[in-house]
Amino acid sequence: MVEIAVGKKIPSFSAEATGEGTVATKNLAGKPYVLYFYPKDDTPGCTLEGQDFRDQHAKFKRLGVRILGVSRDTLASHEKFRKKHDLPFDLIADTDEKLCRQFDVIKEKNMYGKKVLGIKRSTFLVDAKGVLRNEWRKVKVDGHVDEVLDAVKAL
């Protein structure tokens, strides 16, 4: 597996998403993008994070940056989540965890006293040449989107 590291090119990927169907690195080339990984549709923290990206979406768009959310939920779940919260960006359904594993965001977590494997909230900023410019791991939702927007402005 190719290691994801700041300053290195992102390995190519292709994944099913809401909206246009398939999102692939070859379609993303030429414009910067944000990939944000979150644990589950319609849970409190994930909803808040999605709403924060939604609320700042126009600013990202003006800067030419595409936002893509990623979780292990199905396309049907994503469509419901997008509609319910008016999310103006696509969500990738990584049901086989391929993208999650590529970006090393599957981690052991404690869920009601049981150890489970789940997505550690993480965000990646990729430039127009496909190079990873910033990564945020173990994200705390509060203020995170503003931080990402500042990093985008610094590109």
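These lines cover the structure that appears in this document, whether it is placed above or below. The shown structure was predicted, so the numbers you read here are calculated from the model rather than taken from an experiment.

### What to know about the overall build of the protein
- A tally of regular secondary structure across the protein gives 5 helices and 9 strands.
- Helices and strands appear in the protein in the N-to-C order β-β-α-β-α-β-α-β-α-β-β-β-β-α.
- Taking 15 Å as the expected radius of gyration for a compact globule of 155 residues, we find that the protein reaches 14 Å, a close match to that expectation.
- Here the C-alpha coordinates of the protein stretch approximately 40 × 35 × 30 Å along the principal axes.
- Within the protein, the proportion of its 155 residues that are buried is 48%.
- Of the roughly 8,300 Å² that the protein leaves accessible, carbon and sulfur atoms contribute 50%.

### What to know about the pattern of salt bridges
- For the structure shown, the criterion picks out 11 salt bridges.
- Of the charged contacts, one joins Asp127 and Arg133 as a salt bridge, the two residues approaching to 2.8 Å between their closest N and O atoms.
- Residues participating in the shared-partner salt-bridge network are Arg66, Arg82 and Asp90.

### Structural notes on the nonpolar core
- Ile10, Phe13, Leu35, Phe37, Ile92, Phe103 and Phe124 are the most contacted members of the largest nonpolar core, which has 22 residues in total.
- For this core, the elements supplying multiple residues, two or more each, are β1 (14–17), β3 (33–37), β4 (66–71), α4 (98–102) and β8 (122–126).
- Ranked by residue count, the leading element in this core is β3, at 3 residues.
- Look past the residues within four positions of Ile92 in its chain and what remains in contact with it is Ala15, Glu16, Ala17, Val23, Leu35, Leu68, Gly69, Val70, Ser71, His78 and Leu99.
- Formed by 20 residues, the second largest nonpolar core is a distinct cluster that contains Phe60, Ile67, Phe81 and Val139.

### Focus: the packing of aromatic side chains
- Going through the model one piece at a time under the given rule, you end up with 10 aromatic pairs.
- Measuring from ring centre to ring centre gives 6.4 Å for Phe13 and Phe103, while their planes differ by 75 degrees; the resulting arrangement is edge-to-face. Remark: Phe103 occurs in the loop between α4 and β6 (106–111) and Phe13 occurs in the segment before β1; sequence separation between them is 90 residues.
- Given a relative accessible area of 7%, Phe13 falls into the buried group.

### Thoughts on unusual backbone geometry
- At Asp42, a residue that is not glycine, the phi angle is positive and equals roughly 60 degrees.
- For Asp42, the position within the fold is in the loop between β3 and α2 (44–62).
- Owing to a relative accessible area of 37%, Asp42 belongs among the partly exposed residues under this scheme.
- Of note in the backbone geometry, Asp86 takes a positive phi value of approximately 55 degrees without being a glycine.

### Overview of helix α5 (residues 144–153)
- Every buried residue of α5 is listed here: His144, Val145, Val148, Leu149, Ala151 and Val152. Angularly, the buried residues of α5 cover 160 degrees about the axis, an arc narrow enough to put them on a single face.
- Against the buried residues of α5 lie β3, α2, β8 and β9 (132–136).

### As for the side chain of Ser71
- Mapped onto the elements of the fold, Ser71 is located in strand β4.
- Among residues more than four places away in sequence, those in contact with Ser71 are Tyr38, Pro39, Asp41, His78, Ile92, Ala93, Asp94 and Ile119.

### A short note on the packing of α2 against α5
- Where α2 contacts α5, the axes come no closer than 9 Å and their chain directions differ by 30 degrees. With respect to each other, α2 and α5 are oriented roughly parallel. Here α2 and α5 pass one another in a crossing that is right-handed. For the pair α2 and α5, the contacting residues are Glu49, Asp52, Phe53, Gln56, Lys59 and Phe60 in the first and His144, Val145, Asp146, Val148, Leu149 and Val152 in the second.
- Grouping the constituent residues of the contact of α2 with α5 by class yields 6 nonpolar, 2 polar and 4 charged.

The rules behind the values
Residues numbered from 1 in each chain as written. Predicted model: local features only at pLDDT ≥ 70, side-chain atom pairs only at ≥ 80, totals over all residues. Heavy atoms only, no water. Helix = DSSP H or I, 4+ residues; strand = E, 2+ residues; numbered from the N terminus. Rg over C-alpha atoms; globule rule 2.2 N^0.38 Å. Buried < 20%, exposed > 50% of the residue type's maximum accessible area, 1.4 Å probe, protein only. Areas by Shrake-Rupley, 256 points an atom, 1.4 Å probe, with all protein chains shown as cover. Salt bridge = Lys/Arg side-chain N within 4 Å of Asp/Glu carboxyl O. Core = buried A, V, L, I, M, F, W, Y, C linked by side-chain atoms within 4.5 Å. Contact = heavy atoms within 4.5 Å. Phe/Tyr/Trp six-rings, centres within 6.5 Å; stacked < 30°, edge-to-face > 60°. Arc of directions from axis to C-beta. Axes fitted to C-alpha atoms, helices over the stretch in contact; angles between N-to-C directions. Parallel < 35°, antiparallel > 145°, perpendicular 65-115°, else oblique. Left-handed = near helix turned anticlockwise from the far one by under 90°. Nonpolar A, V, L, I, M, F, W, Y, C, P; charged D, E, K, R; others polar.

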